Amino acid sequence: MSVSGMASPACTAHGMRQAAMQPAFPDLEGKHPCFSTTAEGHARAARLHLPVSPLCNIACAFCRRDFNRIEQRPGVAARLLKPKEAVAVVERALRLIPNLAVVGIAGPGDPLASDHAIEAFAAIHARWPDLTLCVSTNGLQLPARVDDLHAAGVTTLTVTVNAVDPEIQAMITPKLAWERKRLDGVVAARRLIDNQLKGIARAAELGFTIKINTVLIPTINDHHIGAVAEMVAVAGARMINVIPLIPEHQLAHLKEPTFIERHKARAAAARHLKVFTHCQRCRADAAGVPGLTDYARDLYGDDLVAEPTFSHG
Ligand code: CLF
Ligand code: SF4
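Since the structure is predicted, the reported quantities are computational estimates derived from the model, not experimental observations. (Residues numbered from 1 in each chain as written. Chains lettered and ligands numbered in written order. Predicted model: local features only at pLDDT ≥ 70, side-chain atom pairs only at ≥ 80, totals over all residues. Heavy atoms only, no water.)

Student: Would you mind going over the packing of helix α5 (residues 142-151) against helix α7 (residues 185-206) with me for this structure?
Tutor: Orientation of α5 relative to α7, taken along the N-to-C sense of each, is 25°, at an axis distance of 8 Å. Taken together, α5 and α7 sit at an angle that is classed as roughly parallel. Note that α5 runs across α7; the crossing there is right-handed. Taken together, the residues of α7 that come into contact with α5 (itself represented by Leu142, Pro143, Val146, Asp147 and His150) are Asn195, Lys198, Gly199, Ile200, Arg202, Ala203 and Leu206. Here the residues of the contact of α5 with α7 sort into six nonpolar, three polar and three charged. (Axes fitted to C-alpha atoms, helices over the stretch in contact; angles between N-to-C directions. Helix = DSSP H or I, 4+ residues; strand = E, 2+ residues; numbered from the N terminus. Parallel < 35°, antiparallel > 145°, perpendicular 65-115°, else oblique. Left-handed = near helix turned anticlockwise from the far one by under 90°. Contact = heavy atoms within 4.5 Å. Nonpolar A, V, L, I, M, F, W, Y, C, P; charged D, E, K, R; others polar.)

Here it is in structure tokens:
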């Protein structure tokens, strides 16, 4: 600490390094790559993403979903799976990937915008009750579906919360679909934030381990990351993953955050939550240890049915 009582940048960096050396969740360390906080723990277990969720119910300004084999980023998959194909894919993955411990659903749309993810999770949980099931959602439907996720055996939850101020959120997600109506601007933003916080609180009551993904968007929410972390921590989240923007779609004109900007944002978040620092911004059909092994091409063979269309909600 400096004499003024404020942590110096060097002190903050040291504190974050020290914190990263301690497991945040001892029960998941080395067993879930995205809830492990040590480099060793992160590299030990593999995850499989099932791209079963075609639809999205909100419209993020940075989001460009696509089907291809090339791009390494969220929202991209080689093909869509039907929920009834999930069990066969997990069976194949368990033979192929020796350290597979987590089955996640993270796209290419939102896992709670259709029933596909919950259907797939329930079938997998019935067959392999010991596999860790993980979901990543924008949270709009979380209050309505979190009990169903729990019943389907999901235990680790990620909610993407990019702002807790409706004025800022409206710049990131300008519109969404809610109860068969379109909401715009701050009205949409208030609905999204309210649902996210309510959903997180209910998930915490149910015993989920909860991480927040926050996309760090220069000039829009870069000054706001501490406020996000503070509010989601009160709601019941335990960790935050500050993900640098990949400039795409309506935000293609922005720059990726610099190393210093990332560091500042993570330091602001670290005042309230554990910070996850190993994110690889995975594809919706990723398979293996994030950033280390990749079995997707071997796993998703061409016998699986392709559905080349999806909705942008
Ligand atoms: Fe997948 Fe996400 Fe579960 Fe991990 S990814 S649904 S929490 S099993 Fe992990 Fe990939 Fe980063 Fe996501 S490295 S993009 S944080
Ligand atoms: Fe794209 Fe929907 Fe995810 Fe936003 S919530 S990034 S619009 S898939």
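Student: What am I meant to see in the site of ligand 2 here?
Tutor: Taken together, Cys56, Ile58, Cys60, Phe62, Cys63, Arg65, Pro108, Gly109 and Asn138 are the residues near ligand 2. Of the residues contributing to the shell around ligand 2, the split by class is six nonpolar, two polar and one charged. (Near = heavy atom within 4 Å.)

Student: Please explain the environment of alanine 126 as it appears in this structure.
Tutor: Structurally, alanine 126 is set in helix α4 (residues 116-127). The exposure class of alanine 126 is exposed, given its relative accessible area of 66%. Residues alanine 126 and glycine 153 lie 27 residues apart in sequence; the distance between their C-alpha atoms is 8.6 Å. (Buried < 20%, exposed > 50% of the residue type's maximum accessible area, 1.4 Å probe, protein only.)

Student: Explain the sheet that holds strand β2 (residues 58-59) to me, please; I cannot follow it from the model alone.
Tutor: Strand-to-strand pairing in sheets goes through backbone hydrogen bonds, with the strands running parallel or antiparallel. As summarised here, the arrangement of the three strands in space is β2-β8-β9, forming an open sheet in which the pairing is antiparallel. Lying at the two open borders of the sheet, with one neighbouring strand each, are β2 and β9 (181-184). Pairing analysis gives four bridges linking strand β8 (residues 175-178) to β9, with the strands arranged antiparallel. For leucine 176, the partnering residue across the bridge sits in β9 and is leucine 183. With respect to the sheet, α7 is in contact with β2, β8 and β9, its orientation differing from that of β9 by roughly 100°. (Pairing = 2+ DSSP bridges.)

Student: What exactly am I supposed to notice about the side chain of threonine 173 here?
Tutor: Along the chain, the position of threonine 173 falls in the loop between α6 (166-172) and β8. What threonine 173 contacts, discounting residues up to four positions off in sequence, is Ile58, Ala59, Cys60 and Leu192.

Shape is all these values report; function is a separate question.
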